[in-house]
Structures are given as structure tokens and as C-alpha cells.
Amino acid sequence: MLGSNSYLGLTNHPKIKEAAKAAIEKYGSGCAGSRFLNGTLEIHLELEQALARLVKKRRCSSTARVSRSNLGVISALVGKGEYVLADKCDHASIVEGCQLSLGEFVRFGHKDMAALENRLRNINPQAGKLIVVDGVFSMEGDIIQLPEVCRLANNTAPP
């Protein structure tokens, strides 16, 4: 499913349409439920292997719903005494994941890198920090300045 919200303009890309037709021929029109309930298909494993290679890791786990991933991963990564920082226009599932964490939830203005830098400076430099942002903000259509977010994250890391 690479066409949801068509952020990348793939909903009508010829290669995507051909791959979808081939998948329907082989697997039918869907799994008829979640992977948890209906089992793992070879294409689940192929996707995870390809993603693991892409990020140079041994393994990778995929989930069908980004919102559930956001809840589980963010809340699991941020513990007591740590901080999670999020853009004010982040998706609701990111906000919920931040709220479920045991850490302190800090927001900064939409795409406001000066505000993010200020928030980071006001946090104990030794405390764990996770910055969570949408790559593409679904309501605004904006794209985050990821190189700048990474620069700020790296400049405020403990020595």
C-alpha cells in the first residue's frame, strides 16, 4: 500500500498499478483481517527483509497501521526522566504516543526550528530526548526540515 494519501504521487504510477494487479492475482484482494489474526504472508517477510537491508539492520518488523506503531514505539522509547519533543502539528497518533510515554511531553511551534532549539536548550543536557516529527504533515501538506532537526538533535546530545 504505497498510495495512501498519495504523498508521493504513487496512486496512479504505472509500476504501482502493475504490482497491485499481480498481488491481487497471487493473494486476492486482501488478507481479510490483521496479520495478528490471519497470519503472516511471504510478502510481509519480503517487505521486512527489504526494509532491514535498507537501514542496514538484521531484522525489521512492520505493522499495518502507522497510528498503532506511533503509540507503541514512542511510548516504549521514552521513559521516566526523559523527554519527547513534538511539532504542534504532528499527527494525533504521534501526540497520543507521546502522552502515553512515561517522559515529559514538550511541544514546539510548527516547523519552528528556533523554538525546537530553545526547548532543547532548556532541557537537562544529560536527560534522554526523543524528537518526533511528521515527515509530511497530512493536514498542512508541509514537509519538515529534517536536516535541521537532525542538526539540532546532534548539537544538543550529551558529550
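Up top you'll find the structure we're talking about.
Cut-offs and rules
- Positions within a chain are numbered from 1, following the residues in the order the chain's sequence is written.
- The predicted origin of the model limits local features to residues at a pLDDT of at least 70 and limits the giving and counting of side-chain atom pairs to 80 or more, whereas totals for whole chains, interfaces and linings rest on all residues.
- Side-chain numbers come from the whole structure's heavy atoms, not from hydrogens or water.
- Helix and strand assignments come from DSSP, with helices taken as H or I runs of at least 4 residues and strands as E runs of at least 2, each series counted from the N terminus.
- Partly exposed describes any residue whose relative accessible area lies between the buried limit of under 20% and the exposed limit of over 50%, with all areas from a 1.4 Å probe on protein chains only and scaled to the type maximum.
- Throughout, a contact is declared for two residues whenever any of their heavy atoms are within 4.5 Å.
- To measure how exposed things are, a 1.4 Å probe is used in the Shrake-Rupley method; for residues, cover is taken only from the protein chains shown.
- Residues scored as charged are limited to Lys and Arg (positive) and Asp and Glu (negative), so that His and the chain ends carry no count.
- Charge positions are represented by NZ for Lys, CZ for Arg, CG for Asp and CD for Glu.
- Any residue with relative accessible area above 30% and no salt bridge may belong to a patch, with like charges joined within 9 Å and the nonpolar Val, Leu, Ile, Met, Phe, Trp and Tyr side chains within 5 Å.
- Every case where a carboxyl oxygen of Asp or Glu lies within 4 Å of a side-chain nitrogen of Lys or Arg is listed as a salt bridge.
- A pair of strands counts as paired when DSSP detects no fewer than two bridges linking them.
- When the strands point away from the viewer, a crossover counts as right-handed if the path from the first strand over the helix to the second runs clockwise.
- Between N-to-C directions, angles cover 0 to 180 degrees, with each direction set by a line fitted to C-alpha atoms, over the stretch in contact for helices.
- Any cysteine sulfur atom paired with another within 2.5 Å is treated as part of a disulfide.
- Think of it as the arc spanned by the lines of direction from the helix axis to the C-beta atoms.
- Whenever two N or O atoms come within 3.5 Å, that pair is a polar contact, provided that in protein one can donate a hydrogen and the other can accept it, and provided that, for residues adjacent in sequence, both atoms are side-chain atoms.

Student: Describe the overall build of the chain, naming the residues involved and giving the relevant values.
Tutor: Secondary structure summary: the chain contains seven helices and three strands in total. Going from the N terminus to the C terminus, the chain shows its helices and strands as α-α-α-α-β-α-β-α-β-α. Here the C-alpha coordinates of the chain stretch approximately 55 × 30 × 30 Å along the principal axes. Out of the 159 residues in the chain, the part that is buried amounts to 26%. For the chain, the proportion of contacts with a sequence separation of at least 24, taken over those separated by at least 6, is 48%. Carbon and sulfur atoms make up 56% of the accessible area of the chain, which amounts to about 11,000 Å² in all. Here the chain carries 20 positive and 16 negative side-chain charges, and the mean point of each set is 5 Å from the other.

Student: Give a detailed account of a nonpolar patch on the surface, specifying residues and quantitative values.
Tutor: Taken together, Leu 47, Leu 51, Leu 54 and Val 55 make up a surface patch of nonpolar side chains, about 360 Å² in accessible area. Relative to the elements of secondary structure, Leu 47 occurs in helix H3 (residues 42-54). Exposure remark for Leu 47: the relative accessible area of 42% places this residue in the partly exposed category.

Student: Would you mind going over the pairing of strand E1 (residues 83-87) in detail, with residue names and values included?
Tutor: Taking burial as the measure, the five residues of E1 include five buried ones, the bulk of the element. Of the two faces of E1, the one holding Tyr 83, Leu 85 and Asp 87 and the one holding Val 84 and Ala 86 are both buried throughout. Of the pairings in the sheet, the one linking E1 to strand E2 (residues 104-108) comprises five bridges and is parallel in character. If you follow Val 84 over to E2, its bridge partner there is Phe 105. Taken together, E1, helix H5 (residues 92-100) and E2 constitute a β-α-β crossover, and its handedness is right-handed. The sheet contact formed by E1 and strand E3 (residues 129-132) spans four bridges and is parallel.

Student: Please provide a residue-by-residue account of the sheet that holds E1, values included.
Tutor: On the basis of which strands lie adjacent, the open sheet formed by three strands has the order E2-E1-E3 and parallel pairing. Of all the strands in the sheet, the pair left with one neighbour each is E2 and E3. Going from strand to strand, the sheet's axes swing by 20° on average, the running direction of each strand aside. Helix-sheet contacts for H5 involve E1, E2 and E3, and the interaxial angle to E2 is about 145°.

Student: Before we move on, can you summarise the side chain of His 44 with the specific residues and values?
Tutor: Relative to the helices and strands, His 44 is located in helix H3. Note on His 44: relative accessible area 16%, which makes it buried. His 44 has contacts with Cys 31, Arg 35 and Gly 39, leaving out every residue within four places of it along the chain.

Student: Now, about the state of the cysteines: what can you tell me, with residues and values included?
Tutor: Cysteine pairs can be linked by a disulfide, which is a covalent bond between their two sulfur atoms. Considering all chains together, one arrives at zero disulfides under this definition. Looking at the unpaired Cys 98, the closest cysteine sulfur is the one in Cys 89, lying at 14 Å.

Student: Pulling in residues and values, what's your account of helix H6 (residues 113-121)?
Tutor: Residues of H6 that are buried: Met 113, Ala 115, Leu 116 and Leu 120. Down the axis of H6, the smallest arc covering the buried residues is 160°, so these residues share one side. Pointing more than 90 degrees away from the buried face of H6 are the exposed residues Ala 114 and Arg 121. On its buried face, H6 sits against E1, E2, E3 and helix H7 (146-155). The backbone nitrogen of Ala 114 has a side-chain oxygen 3.2 Å away, supplied by the residue at the start of H6, namely Asp 112.

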